[in-house]
Amino acid sequence: MEQQLQVQEEIKEIEHFTNKILKQFDSKIECYCPLKDGRLAFGFEDKTIKIINQKNNFSIDLTLEGHTKTVCSIGQMDDGKLVSCSKDNTIRLWSYGKDTYKSEFTIENCFTGPAAVNQPAGDDSNILSVTPISNNRVVAFSAWNTLKIFSLAQPYDSKPLFEKENVS
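Read on for an overview of the structure. Given the structure is predicted, the values throughout are model-derived calculations rather than measurements.

**Focus on the overall build of the protein**
Then comes step 1: On a plain count of helices and strands, the protein comes out with one helix and twelve strands.
Then comes step 2: Reading the helices (α) and strands (β) of the protein from amino to carboxyl end gives α-β-β-β-β-β-β-β-β-β-β-β-β.
Then comes step 3: Considering only contacts in the protein between residues 6 or more positions apart, those separated by 24 or more positions represent 38%.
Then comes step 4: In the form shown here, the protein has an accessible surface area of approximately 9,500 Å², with 49% of it arising from carbon and sulfur atoms.

Structure, rendered in structure tokens:
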């Protein structure tokens with residue numbers, strides 16, 4: 001019985017949290033990432049990332065702009081930097097300031113080299129997810145089943161460190 005009451009309280013808390021978050025936005029939420037400082041980062045269909053402060057009544061601390069299509073995935077690096085990817089075929093790295101995030105550099109057209117074998121002509125790679133795997137490396141997965149590992153310490157136009165097509 002006690003466990004059931006605890007679950008009901010957790011559900012109420014999640015519903016309250018969800019309603020607070022969703023009422024603030026006009027655009028569809030595509031992804032989110034809890035940050036090490038207790039805030040939440042949300043990626044949106046409208047190309048933005050919003051940093052939400054749970055401790056301050058779920059207020060928007062900051063809106064990050066830079067992607068030109070839907071933000072698909074967000075992750076936080078070991079050093080606190082934020083990494084995001086978008087259907088615009090870019091991975092962006094955001095550095096952490098004292099109370100804010102600012103754009104540090106961008107990896108444009110990070111899916112370099114020949115198109116994936118099963119990729120329709122004229123389509124870009126549509127990065128769907130990016131995940132930090134070490135302090136300076138991320139793994140990215142595209143809509144055309146291509147997996148690539150990038151070093152964020154290299155110049156933005158560098159080739160991937162690793163590439164594998166037809167990943168299922």
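**Quick look at the sheet that holds strand β11 (residues 147–151)**
Then comes step 1: The four strands lie next to each other as β9-β10-β11-β12, forming an open sheet whose pairing is antiparallel. The open sheet is flanked by β9 (127–134) and β12 (162–164), the only strands paired with a single partner. With strand direction ignored, the average angle separating the axes of adjacent strands in the sheet is 20°.
Then comes step 2: Here five bridges tie strand β10 (residues 137–142) to β11, and the two strands are oriented antiparallel to one another. Opposite Ala140, over in β11, you have Lys148 as the bridge partner.

**A few points about the pattern of salt bridges**
Then comes step 1: For the coordinates displayed, the defined rule picks out four salt bridges.
Then comes step 2: Residues Lys28 and Glu30 are paired through a salt bridge, measuring 3.7 Å at the closest nitrogen-oxygen approach.
Then comes step 3: For Glu30, a relative accessible area of 31% translates into the label partly exposed.
Then comes step 4: The closest approach of N and O atoms between Asp79 and Lys81, which form a salt bridge, is 3.9 Å.
Then comes step 5: On the basis of relative accessible area, Lys81 is assigned to the partly exposed category, the value being 21%.
Then comes step 6: By sharing partners, the salt bridges in this structure join Asp37, Arg39 and Asp61 into a single network.

**Focus on the side chain of Thr70**
Then comes step 1: When you line up the elements, Thr70 lands in the loop between β4 (59–65) and β5 (71–76).
Then comes step 2: Relative accessible area serves as the criterion here: at 13%, Thr70 is assigned to the buried category.
Then comes step 3: A polar contact is formed between the side chain of Thr70 and the backbone oxygen of Glu45, at a distance of 3.4 Å.
Then comes step 4: Setting aside chain neighbours within four positions, we find Thr70 in contact with Glu30, Phe44, Glu45, Lys47, Cys85, Ser86 and Lys87.

**Considering the nonpolar core**
Then comes step 1: Cys72, Met77, Val83, Cys85, Ile91, Leu93, Ile127, Val130, Val138, Ala140, Phe150 and Leu152 form the largest nonpolar core, which has twelve residues in total.
Then comes step 2: When contributions to this core are tallied by element, the ones reaching two or more residues are β6 (82–86), β7 (91–96), β9 and β10.
Then comes step 3: Cys33, Leu35, Ala41 and Val71 belong to the second largest nonpolar core, which has eleven residues in total.

**Brief notes about unusual backbone geometry**
Then comes step 1: Notably, Lys47 is not glycine yet its phi reads approximately 85°, a positive angle.
Then comes step 2: Looking at the secondary structure, you find Lys47 in the loop between β2 (40–44) and β3 (48–53).

**Looking at the pairing of β6**
Then comes step 1: Burial runs high along β6: five of the five residues are buried.
Then comes step 2: The alternating pattern of β6 places Leu82, Ser84 and Ser86 and Val83 and Cys85 on opposite faces, both of which are buried.
Then comes step 3: Examined bridge by bridge, β5 and β6 share five bridges and lie antiparallel to one another. Looking across to β6, one finds that Gln76 is bridged to Leu82.
Then comes step 4: Hairpin geometry of β5 and β6 is characterised by an intervening segment of five residues between the two adjacent antiparallel strands and by a positive phi of about 95° at Gly80.

Parameters at a glance
- Residues numbered from 1 in each chain as written.
- Predicted model: local features only at pLDDT ≥ 70, side-chain atom pairs only at ≥ 80, totals over all residues.
- Heavy atoms only, no water.
- Helix = DSSP H or I, 4+ residues; strand = E, 2+ residues; numbered from the N terminus.
- Contact = heavy atoms within 4.5 Å.
- Areas by Shrake-Rupley, 256 points an atom, 1.4 Å probe, with all protein chains shown as cover.
- Pairing = 2+ DSSP bridges.
- Axes fitted to C-alpha atoms, helices over the stretch in contact; angles between N-to-C directions.
- Salt bridge = Lys/Arg side-chain N within 4 Å of Asp/Glu carboxyl O.
- Buried < 20%, exposed > 50% of the residue type's maximum accessible area, 1.4 Å probe, protein only.
- Polar contact = N/O pair within 3.5 Å; in protein donor to acceptor, adjacent residues only side chain to side chain.
- Core = buried A, V, L, I, M, F, W, Y, C linked by side-chain atoms within 4.5 Å.

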